[in-house]
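Okay, here's what each chain looks like letter by letter:
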Amino acid sequence: MLFYRLLLRLYPAWFRAEYEEEMCAVFVQRMRQERAIAVWASVFFEIFPNAVAVHADALRQDLRWTLRVLRQSPGFTVTAVVAIALGVGANTAAFALLDHALLRPLPFADPDRLVTLHDTQLKQGVARNLTSPPNFFDWRTMSRSFDALGAYVAAPIAVNLSGRGEPVRLDSTFISPEIFSVLGVKPVVGRVFSSDDELVGGPDILLMSHSVASSLFGSAESAVGNTVNLDNVTHTIVGVMPAAFAFPSRDIQLWRPLRFTAALLANRSNHILYGVARLNPRVSLAEARAEMNGIAIQLQRAYPKDNTETGIGVIKLRDTVSPQSRLMVMVVFGAAVCLLLIACMNVANLFWVRVLARRHEIAVRVAIGAAHERLVRQFLTESLTIGFAGGVLGLIVAVAAVPSLSVLVPTSLPIPDAPQVDWRIFLFAAFVTLATSIAFGVGPAFRSGRNVDANTLRVRSGRSERTDRLRQVLVIGEIAGTVVLLIAAGLLVKALWNVQAIDPGFRTEGVLMLRTALPSPKYNPSAARRAFYSGVLDRVRALPGVSSAAYVSYHPMEFFSGRTAVGIPGVIDDPLKAPRAVRHYITPNFFHTLGIPLRLGREIDARDVEDSPQVAVLSESLGRRLWPAEDPIGRTIFADGKRTVVGVVADIASRQLEDSTDSQIYFPAEQMAMPSYYWPKDLLVQSSGNAMALAPSVRRIIHDVDPDQAISNVQSLEDVMTAQTAPRRVQLRVLGMFTILAFSLAAIGIHGLLSFAVSTRMQEVGVRMALGADRRSILGMFLRQGIFLAVGGIVAAVPVAYFVVQTLKSLLFGVSPGDPVVYGAAGFLALVMTVGGSIRPALRAAAADPLATIRAE
Amino acid sequence: MDVHSLLPLPPITFHILLALAEEDLHGYAIIQNVAARTGGELKIGAGTLYRSIQRMLDQGLVVETRERPAPADDDERRRYYRITEFGRHVARAEARRLAQLVKFARRSGFVEGKA
């Protein structure tokens, strides 16, 4: 019997409450009249499917009831579903981004063992620097910690691909053959590079991305074995990489074998490579670091001139995301969580109101014998149904929104730009939906059947002080969440304004920029380069509307323009103690073209040719660091050889808009002993009109001077500057949208709370008015209640916001985390929102007819 | 509720209505009645019975009755069920439906006897 009762526990509690005794009686009767074994057999045979069926009956009934109830109050249903959809949608999209950029393992075999290797100059504050080919060569020979160690040229190299339809401009890089075994990737067709391909003088070959191969040849298969021209040199396609292969970054479409020519191996100060390696399974990261540390010390001793104080950094490939990119993603996710919380509080509040409004219905159901458990089930079914609808809608919102977040995916990672939406994202959405539905549904559900007595049947508008207070706390929470978002968004808006207001130190309006990377060895003779530059510049300057034009090795905001140590012979001889400056090789008229003011001495001009005295122009800050109290003009420095300082110009933001710590040094284009990496390649044209309108004529001129010369990166300097703030603007747009949604949800919450308060206090309003209160005092009474909530929310939000924005500090760009204007504006907006949300219910109360309201009760 | 919206009745439901046609019965009596009527072929389990009863209560086919038989037969725990007027309507409609079906079957030669 005990066992039978135990089995009955499979049935829902309400069913047992109703029928357990009956079923036991039947069981006893049967045991008396039939064979025990037959009775037990039939019990076992029946009980499992039947219990499931009873559960299903109840669920079906609950669902049917729920759909009917929800249809009866479409306003409530739509508001709740939309609120959940927004919360779940925002969170799912933000999670997809977070997962893609920061959590998901990199798309390579055993990605945990992948590391990058790079130079460090920690005493100089440089945590991650490129290394030189000879250094990499030594690492590869000396190290034992890695299964494979490869290298690639870090700066993307734009090449002109022709010989197959329209010429296209693509980013390429040079990589060493080991990279493929390091990453464990195979081509979809053809082969990857082998160690034979590394030999200097070998055939010109390349690997092609899947997308380029398909667009040029129709399919990956037909591309392999074909040839294309890269900057007019014929290359054979030996393989096509998988579509998802994005190494070292997603912009790279072509890979060529890195070949260590004698010239490359001769120069230990030519920092162009990053190393990538696969750790040996028996070697820990710490052990590898220790080994590389030892190698660094050996190299320092062997090459004191170039390698003094140069260490070797080993970090996991996954960890190469900059802290700022990481923070950008975290901020978006944090804001989404905040929005979800607000949506939850909002829906919870709506449910409380419903429970209160349905007290009569509940009381009736209790009176006719509905079990408390059935009521709880009923309310939970309602909240889960709404949660499910909101979750599905939210998932659709998220899938649609994810592509727009791709700008926030850090470019430093070898992953595609668009976050993938797969089962992980679905699982996350399902989890958030379930957690949300339970969070907002459980309280009201368990509350629903309690304290119901005959009294509620009579006093229909009965209110409970405790739930009133709870609902007020929920609304205060919504307001507080909104204020926190407003403050964070406000501070970031102000930071963006600050960044946009930075004077880069040069003129951007009307400047056209394009790149002509002169190929080697064609342009190895300096006379050939001189002829090209003057041929182009003379004719461009003659174009109508052009006031000035110049060539420079890398245009401003090019992150890969290198830096050099600037010493003073006999004073600062150690290059590692010397200040460093971004180096630019320029043609005459450069300063005039960009409007960079000359402070002292002269500009670089036509007299600075190959065999004239070697000269340099410093930026102001570099001059001050070298000679704090003296005039630098006429002094000798050591930078790319011994040179005389002939001029000082104003500083500019040279590599990144948000980093103004770089100084600059300028050398004449004709006086360079550097590899082709620094040959002036960026043409800058200053015009009075629309910069881009000049592009066709400039292209024609370049084509006339050298018909084979490829042109790339055609853009206005203003666009280059705009791109500097693109991630910030996308982040703000997302954050701004979340804030507006939170703001609307909170306003709906206030409106709902006060509407309900007004409807339950109509009788009180009637009595007050009958006793002489005028309409204005009734209006004031309800508005005051709204403002009280707003003030509560603001007071709660300020310390939270102050705490939260401390984590944003590195994005704030000079804006104080406690900026009073932003806090004031956020508080003011919250007050406006509150008054906006409360005005309608308050007016309704004030417009009431006192007699009618009293009679109605 | 519309009579025809409940048709066709699940066989168990129809058997329970047949069992209750003459007198109010408690659960075990219903089981026995059905078993006797079908020559022991259909033995309803307790769970199946009360799941059906629950649904029939919701549909208004039966009610629980408070009138009890003579004390000697009575057991404190037992609930007795009585067919409602609506339940009789539904049972009759179901019987007509079945009779019609049998008529069709006979015409097609699936059942012995005259059409």
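This text follows the structure it describes.
Residues numbered from 1 in each chain as written. Chains lettered and ligands numbered in written order. Predicted model: local features only at pLDDT ≥ 70, side-chain atom pairs only at ≥ 80, totals over all residues. Heavy atoms only, no water.

Enquirer: Would you mind showing me how to read the packing of aromatic side chains here?
Expert: Each aromatic ring pair is described using two quantities: the centre-to-centre distance and the angle formed by the ring planes. Residue and element names in this part refer to chain A. Using the criterion set out here, one finds 28 aromatic pairs over all chains in the structure. Ring geometry for Phe333 versus Phe428: centroids 6.4 Å apart, planes at 50°, classification tilted. Of the two residues, Phe333 sits in helix H12 (residues 323-357) while Phe428 sits in helix H15 (residues 423-448), which places them 95 residues apart along the sequence. A residue is classified by how much of its surface remains accessible, and Phe428, at 15% relative accessible area, is buried. An aromatic cluster is present here, built from Phe3, Tyr4, Phe27, Trp40 and Phe44 joined pairwise through their rings. Across from the ring centre of Tyr303, 3.3 Å away, lies the NZ or CZ of Arg268, which sits over that ring. Above the face of the Tyr554 ring, Lys681 is positioned so that its terminal group lies 4.5 Å from the ring centre. (Phe/Tyr/Trp six-rings, centres within 6.5 Å; stacked < 30°, edge-to-face > 60°. Helix = DSSP H or I, 4+ residues; strand = E, 2+ residues; numbered from the N terminus. Buried < 20%, exposed > 50% of the residue type's maximum accessible area, 1.4 Å probe, protein only. Lys NZ or Arg CZ within 6 Å of the ring centre and 35° of its normal.)

Enquirer: So what exactly am I meant to see when it comes to the interface of chain B and chain A here?
Expert: Buried accessible area, meaning the area lost when the parts come together, often serves as the stated size of an interface. Contacts between the two partners involve 20 residues from chain B, matched on the other side by 21 residues from chain A. Summed over both sides, the interface of chain B with chain A buries roughly 1900 Å², with 48% coming from carbon and sulfur. Residue Asp57(A) is joined to Arg51(B) by a salt bridge in which the shortest nitrogen-to-oxygen separation is 2.7 Å. Our count for the chain B to chain A interface comes out at 12 residue pairs in polar contact (both at pLDDT 80 or more). (Contact = heavy atoms within 4.5 Å. Buried area = accessible area lost by both parts, 1.4 Å probe. Salt bridge = Lys/Arg side-chain N within 4 Å of Asp/Glu carboxyl O. Polar contact = N/O pair within 3.5 Å; in protein donor to acceptor, adjacent residues only side chain to side chain.)

Enquirer: Please clarify how the pairing of strand S3 (residues 146-153) of chain A should be interpreted in this entry.
Expert: Side chains on a regular strand alternate between the two faces of the sheet. Residues and elements named next belong to chain A. Burial analysis of S3 places seven of its eight residues in the buried class, which makes it a mostly covered element. Here seven bridges tie S3 to strand S11 (residues 273-279), and the two strands are oriented antiparallel to one another. Along S11, the bridge assignment pairs Ala151 with Gly275. (Pairing = 2+ DSSP bridges.)

Enquirer: Would you mind showing me how to read a nonpolar patch on the surface here?
Expert: All names here are of chain A. Among the surface-exposed residues, Ile787, Val791, Val795, Leu831, Val835, Ile839 and Leu843 lie close enough to one another that they form a single nonpolar patch of about 510 Å² accessible area. The set of elements that each furnish at least two residues to the nonpolar patch consists of helix H25 (775-806) and helix H26 (820-846). The leading source of residues in the nonpolar patch is H26, at four residues. Tracing the backbone through its elements, the reader meets Val795 in helix H25. For Val795, a relative accessible area of 57% gives the class exposed. (Patch = residues over 30% accessible without salt bridge, like charges linked within 9 Å, V, L, I, M, F, W, Y side chains within 5 Å. Areas by Shrake-Rupley, 256 points an atom, 1.4 Å probe, with all protein chains shown as cover.)

Enquirer: Would you take a moment to explain the pattern of salt bridges for this structure?
Expert: Once their charged atoms are close, side chains differing in charge can pair, the charge on each being opposite to the other. Residue and element names in this part refer to chain A. One pass over the structure, following the stated rule, counts 33 salt bridges over all chains. A salt bridge links Arg607 to Asp605; the nearest nitrogen and oxygen atoms lie 2.8 Å apart. Residue class for Arg607 comes out exposed when judged on its relative accessible area of 51%. Here the salt bridges do not stand alone but share partners, grouping Asp99, Arg104, Asp422 and Arg424 into one network.

Enquirer: Can you help me understand the side chain of Asn129(A) in this one?
Expert: All names here are of chain A. Residue placement: Asn129 occurs in strand S2 (residues 126-129). Here Gln121 takes part through its side chain, which lies 3.0 Å from a polar atom of the side chain of Asn129. Among residues more than four places away in sequence, those in contact with Asn129 are His118, Asp119, Gln121, His271 and Tyr274.

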